[in-house]
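Read off the chains here:
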Amino acid sequence: MATTIGMLDSGVGGLTILRAIREQLPGQPVVYVADQAHVPYGVRQVDEVRGFTKEITRFLIDQGAKLIVVACNTASVAALSYLRNEFPETPFVGMEPAVKPAAEQTKTGVVGVLATYATFQTDVYNSVVERFAKNVNVIQNHCPGLVNQIEKGDLTGFETRRILESALRPMLSQGIDTVVLGCTHYPFVIPMIQEIVGPAVRVIDPAPAIAKQTQRLLTEHSWLADGRISSEIRLITTGNTQTIENNLPMYLGYRLPVESIQWQDGKL
Ligand code: DGL
């Protein structure tokens, strides 16, 4: 039996990471929890996000997951070191906005970062900027409402475009040549982002790097599945199964059944 990867996000955002993991590691079984009962995480307090992610991690381990991918920037910056302490036996892959590579590669010295409000408040994010982007002008925008638009499956509509334009136009007028996607929901709207910023601006999607890091950790633990036979993906939501099921072809390019679990007194 190949080793199962557990993945979590507030909703469908982590599916952008799942796509990349699937491409690189098709033989690895995955169990994914979308905490849609609590989406968006980006407007919540750190302690709340820690509580949710701790319980989801426990649930994923119960389902047989050996390695956990926190496929959510907000949860990673709020809770990753806490989760590592709570589950010392379990290796975690987490995310932080790719400010470092952006700062290293920018020619204009101006970089835009799109992430959630909560991510921008954390010490983890601010210390990344402090350490790696001292001499770069980092312009931030938390794209209010964008996560909800993507959860609804609206990747191309008027309101989604309005949110992105109002985030990106001011960045463009200040000379950005790079956009960092610091929220796992946002790669779903890369085509629209690229259309607004034009081909000269580079948009950094963190998903391939996270899939590589997952592969590295699996190899280190001798957990890498051999062969290229696709193994099972289990998708589980704490919210409504119908909405996510209907929109899956748009997110993943194929259909899957979605399982349901409910929160009860803080437990799954
Ligand atoms: N997908 C998440 C992230 O990467 C969280 C979005 C949200 O729930 O606010 O930050």
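Residues numbered from 1 in each chain as written. Predicted model: local features only at pLDDT ≥ 70, side-chain atom pairs only at ≥ 80, totals over all residues. Heavy atoms only, no water.

Caption draft 1: Layout of the site of the ligand. Taken together, 14 residues are adjacent to the ligand, and Ser-10, Tyr-41, Asn-73, Thr-74 and His-185 come closest. Interatomic distance of 3.0 Å between a side-chain N/O atom of Asp-9 and a nitrogen atom of the ligand. Protein contacts shield 99% of the accessible area of the ligand, which totals 300 Å² for the unbound molecule. Applying the majority rule of atoms within 2 Å of the grid points places the ligand in the largest cavity. Of the residues that constitute the shell around the ligand, the class distribution is six nonpolar, seven polar and one charged. (Near = heavy atom within 4 Å. Polar contact = N/O pair within 3.5 Å; in protein donor to acceptor, adjacent residues only side chain to side chain. Areas by Shrake-Rupley, 256 points an atom, 1.4 Å probe, with all protein chains shown as cover. 1 Å grid on protein atoms, 1.4 Å probe; cavity = no way out; pocket = protein on both sides within 12 Å on 5 of 7 lines; lining within 4 Å. Sits in = over half its atoms within 2 Å of the grid points. Nonpolar A, V, L, I, M, F, W, Y, C, P; charged D, E, K, R; others polar.)

Caption draft 2: Summary view of the pairing of strand 1 (residues 4–9). Most of strand 1 is tucked away: six of the six residues are buried. With burial as the criterion, each face of strand 1 is covered, one bearing Thr-4, Gly-6 and Leu-8 and the other bearing Ile-5, Met-7 and Asp-9. Taking the sense of rotation as the criterion, the β-α-β connection linking strand 1, helix 1 (residues 15–24) and strand 2 (residues 30–34) turns out right-handed. (Buried < 20%, exposed > 50% of the residue type's maximum accessible area, 1.4 Å probe, protein only. Helix = DSSP H or I, 4+ residues; strand = E, 2+ residues; numbered from the N terminus. Right-handed = clockwise from strand over helix to strand, strands pointing away.)

Caption draft 3: Expanded view of the nonpolar core. Judged by nonpolar contacts, the single largest core of 58 residues is most densely connected at Met-7, Leu-15, Val-69 and Leu-114. Counting residues in each nonpolar core, the second largest holds 23 residues, with Val-31, Ala-75, Leu-80 and Ile-261 among its members. (Core = buried A, V, L, I, M, F, W, Y, C linked by side-chain atoms within 4.5 Å.)

Caption draft 4: Structural view of the sheet that holds strand 3 (residues 65–70). Strands sit in the order 4-3-1-2-9-10 across an open sheet of six strands; the sheet is parallel. Of all strands in the sheet, those bounded by a partner on one side alone are strand 4 (92–93) and strand 10 (258–260). Pairing of strand 2 with strand 9 (residues 233–237) involves five bridges; the strand directions are parallel. What sits directly across from Tyr-32, in strand 9, is Leu-235. Here helix 11 (residues 241–252) sits on the sheet in contact with strand 2, strand 9 and strand 10, set at roughly 170° to strand 10. (Pairing = 2+ DSSP bridges. Contact = heavy atoms within 4.5 Å. Axes fitted to C-alpha atoms, helices over the stretch in contact; angles between N-to-C directions.)

Caption draft 5: Here's a closer look at the packing of helix 2 (residues 46–62) against helix 3 (residues 73–86). The N-to-C vectors of helix 2 and helix 3 enclose an angle of 50°; their axes lie 9 Å apart at closest approach. If you check the angle between helix 2 and helix 3, you find them oblique. In this structure, helix 2 meets helix 3 at a crossing whose hand is right-handed. For the pair helix 2 and helix 3, the contacting residues are Val-46, Val-49, Arg-50, Thr-53, Lys-54 and Thr-57 in the first and Ala-75, Ala-78, Ala-79, Tyr-82, Leu-83 and Glu-86 in the second. (Parallel < 35°, antiparallel > 145°, perpendicular 65-115°, else oblique. Left-handed = near helix turned anticlockwise from the far one by under 90°.)

Caption draft 6: Fine view of the pattern of salt bridges. Within the structure shown, the criterion is met by twelve salt bridges. Between Arg-44 and Glu-48 there is a salt bridge; the shortest N-O distance is 2.8 Å. A residue is classified by how much of its surface remains accessible, and Arg-44, at 24% relative accessible area, is partly exposed. A relative accessible area of 31% places Glu-48 in the partly exposed class. Connected through shared salt-bridge partners, Glu-55, Arg-58, Asp-62 and Lys-267 make up one network. (Salt bridge = Lys/Arg side-chain N within 4 Å of Asp/Glu carboxyl O.)

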